[in-house]
Amino acid sequence: MHSFGYRANALLTFAATILAVICAIASFSDTLNSPSPTAQVQVLSINWFQCQPNGNDEVSMTLNISADLQSLFTWNTKQVFVFLAAEYETPANSLNQISLWDGIIPSKEIAKFQIHTSNKYRFVDQGSNLRGKEFNLTLHWHVMPKTGKMFADKLVMSGYHLPKEYR
Amino acid sequence: MDWIGEIPESLKSIKIRRILSQAISFGLIVTSALMIWKALMCWTGSESPVVVVLTGSMEPGFARGDILFLHMNKDPIRAGEIVVYNVEGRDIPIVHRVIKVHEARDTGEDYILTKGDNNDYDDIGLYAKDQLWLQRHHIMGKVIGFLPYVGYGTIIMTDLPIIKYILTGALVLLILTSKD
């Protein structure tokens, strides 16, 4: 009854239970944080804009992204994955989401940033619908906790236009 | 000297009872594990509700040995979500992030492109030959939460199968020799 194996088993079970409860509490504590991030994005220039031989439009642009995501960080935050996506509708597709830039923010100190970049991923449409197209730029963030539930949110910035002609 | 003849008889009946009761408790362990797994499958809607990360392609978010909890529902898949997908001709499912989505207006079908956070290139090279997009039927689930390190045992067992056999043997021995 009180053998070594029995005691070791009881200790291990108890330790695992406590650890699971602490992880659950840590994950729950994230929901008490109500973040208020801010972001601004400017399209500085269209570098080039053309139709590929396969019939898909492709555009390259230079962006200026500034954001303050410091309020997303809590003690249970491992990192914040942030990305900027162009979102628009076309006659064939009710939604197109194209990631243009992304980054991993590992700590609160560098969560307030400004970056000047051309699009990291290719902005290619499924078809040839980009001339004069109005699109939204949406900054999405996905918070990765040290343990527990992940959560995500976004900030939509609208009113961006692509040029009417290829260049 | 007539007690010699009696002992084997009583020993035999005790032995049979013990073996029966051990077989039942062993069966209980196996069936309750199976029940929990199946219940999780129903609850999350994913054919594999818990997966272990096998590669470092999502570092520093997910490392080898982390456990991921999956969820699958009717909601459309959106950019930024981390999905687990299967590609024809590959045995092992892949955990990567969605970077592009095109949703067809007439069918509602999503055409998805994924990429690992720690990889330099998107996943077109990982897909089947001539496959440009993932579709819904490739997706096993979306990642909703994770526990670090817990799955490392699985990785050790895949890397060194001998440990798996030793552990299984020890466990079976323990169950068969336990007194309660």
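About the thresholds
Residues numbered from 1 in each chain as written. Chains lettered and ligands numbered in written order. Predicted model: local features only at pLDDT ≥ 70, side-chain atom pairs only at ≥ 80, totals over all residues. UniProt positions renumbered as here; feature names shortened; annotations may be inferred. Helix = DSSP H or I, 4+ residues; strand = E, 2+ residues; numbered from the N terminus. Buried ≥ 20, exposed ≤ 12 C-beta atoms within 10 Å, placed from the backbone. Contact = placed C-beta atoms within 7 Å. Nonpolar A, V, L, I, M, F, W, Y, C, P; charged D, E, K, R; others polar. Pairing = 2+ DSSP bridges. Domains from an automatic or database assignment.

Under an unreviewed UniProt entry, the name given to chain B is Signal peptidase complex catalytic subunit SEC11, and the organism recorded is Cucurbita maxima. Under the UniProt heading Subcellular location (unreviewed entry), the entry covering chain B gives this text: "Endoplasmic reticulum membrane". Within the UniProt record for chain B, the comment given under Function (unreviewed entry) is "Catalytic component of the signal peptidase complex (SPC) which catalyzes the cleavage of N-terminal signal sequences from nascent proteins as they are translocated into the lumen of the endoplasmic reticulum. Specifically cleaves N-terminal signal peptides that contain a hydrophobic alpha-helix (h-region) shorter than 18-20 amino acids."

Going by an unreviewed UniProt entry, chain A carries the name Signal peptidase complex subunit 3 and comes from Cucurbita maxima. Looking at chain A in UniProt, the text filed under Sequence similarities (unreviewed entry) is "Belongs to the SPCS3 family."

**Observations concerning the overall build of chain B**
In terms of helices and strands, chain B carries three helices and six strands. Listing each helix as α and each strand as β along chain B from the N terminus yields α-β-β-β-β-β-β-α-α. Reported as C-alpha extents along the three principal axes, the dimensions of chain B are approximately 90 × 35 × 30 Å. A total of 180 residues make up chain B; the buried ones form 26% of that total. Once local pairs closer than 6 in sequence are excluded, the contacts in chain B between residues at least 24 apart make up 59%.

**Notes on the interface of chain A and chain B**
Quoted interface sizes are often the accessible area lost when the parts come together. Opposite the 25 residues of chain A that make contact, chain B presents 18 residues. Taken together, the elements giving at least two residues each to the side of chain A that touches chain B come down to strand S3 (77-88), strand S4 (93-105), strand S7 (134-145) and strand S8 (148-149) of chain A. For the side of chain A that touches chain B, the element with the highest residue contribution is S4 of chain A, accounting for eight residues. Split by residue class, the side of chain A that touches chain B holds 13 nonpolar, 11 polar and one charged. Across two bridges, S8 of chain A lies against strand S6 (residues 139-147) of chain B in antiparallel orientation.

**A look at the pairing of S3 of chain A**
All names here are of chain A. Across 10 bridges, S3 lies against S7 in antiparallel orientation. Bridge assignment links Gln79 to a residue of S7, and that residue is Met144. The pairing of S3 with S4 spans nine bridges and is antiparallel. Note that in S4 the partner of Val80 across the bridge is Ile105.

**Considering the environment of Asp102 of chain A**
Residues and elements named next belong to chain A. As for its placement among the helices and strands, Asp102 is situated in strand S4. Considering only alpha carbons, one finds Asp102 and Ala85, 17 residues apart in sequence, at a separation of 8.8 Å. Excluding anything up to four places from it in sequence, Asp102 contacts Phe81, Val82, Phe83 and Lys120.

**Remarks on the pairing of strand S3 (residues 82-85) of chain B**
All names here are of chain B. With burial as the criterion, each face of S3 is covered, one bearing Ile82 and Val84 and the other bearing Val83 and Tyr85. Pairing geometry for S3 and strand S4 (residues 94-104), over four bridges, is antiparallel. Directly across from Val84, in S4, lies its bridge partner Val95. Across three bridges, S3 lies against S6 in antiparallel orientation. Following the sheet pairing, Val83 is matched in S6 by Lys142.

**Let's talk about the domain arrangement of chain A**
Residues and elements named next belong to chain A. On domain assignment, one finds that chain A holds domain 1 (1-32) and domain 2 (35-161). With centres defined by C-alpha atoms, the gap from domain 1 to domain 2 works out at 41 Å. The interface is formed by five residues belonging to domain 1 together with six residues belonging to domain 2. Taken together, the residues that form the side of domain 1 that touches domain 2 break down as two nonpolar, two polar and one charged.

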